[in-house]
Amino acid sequence: MAQVLDRPPVRPVVEKPSAGRRTAGRLTLPTLLALTAIVTIVPFAAMVLVAFAPPSGRTFPDALNPANFTLENFSKVLSSSDIPRWTVNSLLYSLVSVACVLLFASMAGYAFAKKKFPGREIMFWAFLATLMVPFQATLIPSYILVAKLDWVDSYWGLIVPTLANSQAVFLMRQFIMQLPDELFEAAEIDGAPEWRIFTMIVLPLVRPVLATLGIFVFLWHWNDFLWPLVIGQSGQMQTLTVGLATLQTQAVPINQVMAGATITVVPSLLVFGLLQRYLTDSIAMSGLKA
């Protein structure tokens, strides 16, 4: 009996994965990421190649010959009288929306995160519930309201209905909730007014998330198509996305259409490149997983 009790416990034998399985597991994820990157880049690369190709090189493999690359398509697109106007409309629509959305979202996020008032939670979750309502469901009511205000085919009708961004408010609230309450209590003890607390404490601390939101909001509005199509009923109020879509109905060569589309991508790349550092800082500070 003593001999049985003295025996060491039997440990289950765990089969170690072979070297071939470990190698296959390591290669699977990079391979999938590489394939995804290729699938994503191919349409963009095709657009750029066709944009630089001469009028005769509309298809592949003619568009792949670097010796035939030309800037003629870009010069014709930029010389059009409509392109500068569409660019100005897109820039106003995007930049003004970014500034207003960041201001309103940061103010609302600060109020929902650090201020106590009756109905705060109900108001926040009711506002957040609008995320579940698709934009197509509110398109007609929004257009009727804009028409009643006589804002159709105007910058007011283009910009104002897009400023209530529940996603931005939610992200700002979650970020501001992580700020220590002692900062705000100390400011209140010193007699600082609310506007000074907001501008001197909240805004400097939420700079990374403001930059992140600025990237997303700019891309949303710069690439927006449906709402500018509904509101901008004249050629003078069309944005680049809508204007380029109308070029296809005017028998414009596909090379010039692709050149215009390539031009529209440049501001998005510039904004992302300039604010990429703040995007990574925001992910690191908030603890989000990329």
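Residues numbered from 1 in each chain as written. Predicted model: local features only at pLDDT ≥ 70, side-chain atom pairs only at ≥ 80, totals over all residues. Heavy atoms only, no water.

**Examining the overall build of the chain**
Step number 1: Counting its regular elements, the chain contains 14 helices and zero strands.
Step number 2: Of the regular secondary structure in the chain, the N- to C-terminal order runs α-α-α-α-α-α-α-α-α-α-α-α-α-α.
Step number 3: Taking all 290 residues of the chain together, the buried fraction comes to 33%.
Step number 4: Of all intrachain contacts in the chain linking residues separated by at least 6 positions in sequence, the fraction that spans at least 24 positions is 74%.
Step number 5: Accessible surface for the chain amounts to roughly 18100 Å². Of this, 68% is attributable to carbon and sulfur atoms. (Helix = DSSP H or I, 4+ residues; strand = E, 2+ residues; numbered from the N terminus. Buried < 20%, exposed > 50% of the residue type's maximum accessible area, 1.4 Å probe, protein only. Contact = heavy atoms within 4.5 Å. Areas by Shrake-Rupley, 256 points an atom, 1.4 Å probe, with all protein chains shown as cover.)

**Some points on the environment of L92**
Step number 1: Note that L92 resides in helix 4 (residues 82–114).
Step number 2: Linking L92 and W222, residues 130 residues apart in sequence, is a C-alpha distance of 9.6 Å.
Step number 3: Ignoring sequence-local partners within four residues, the contact set of L92 consists of S97, Y155 and I159.

**Topic: the packing of aromatic side chains**
Each aromatic ring pair is described using two quantities: the centre-to-centre distance and the angle formed by the ring planes.
Step number 1: All told, the structure shown has 12 aromatic pairs when counted by the stated rule.
Step number 2: With a centroid separation of 6.2 Å and 80° between ring planes, the pair formed by F135 and W227 is classed as edge-to-face. Taken together, the positions of F135 in helix 6 (residues 135–148) and W227 in helix 12 (residues 226–231) put the pair 92 residues apart, joining distant regions of the chain.
Step number 3: What makes W227 buried here is its relative accessible area of 2%.
Step number 4: Counting every residue linked through ring pairs, the aromatic cluster contains F112, F117, F124, W125 and F170.
Step number 5: Lying over the aromatic face of F124, R173 brings its terminal NZ or CZ to 4.1 Å of the ring centre. (Phe/Tyr/Trp six-rings, centres within 6.5 Å; stacked < 30°, edge-to-face > 60°. Lys NZ or Arg CZ within 6 Å of the ring centre and 35° of its normal.)

**Structural notes on the UniProt feature "transmembrane region" (unreviewed entry) in the chain**
Step number 1: Under the UniProt annotation, "transmembrane region" (unreviewed entry) lies at residues 31–53, 91–112, 124–144, 197–220 and 257–275.
Step number 2: What you have in residues 91–112 is 100% helix and 0% strand, and the ends, taken at the C-alpha atoms, are 31 Å apart.
Step number 3: For residues 257–275, helix accounts for 100% and strand for 0%, while the C-alpha atoms at its two ends are 29 Å apart. (UniProt positions renumbered as here; feature names shortened; annotations may be inferred.)

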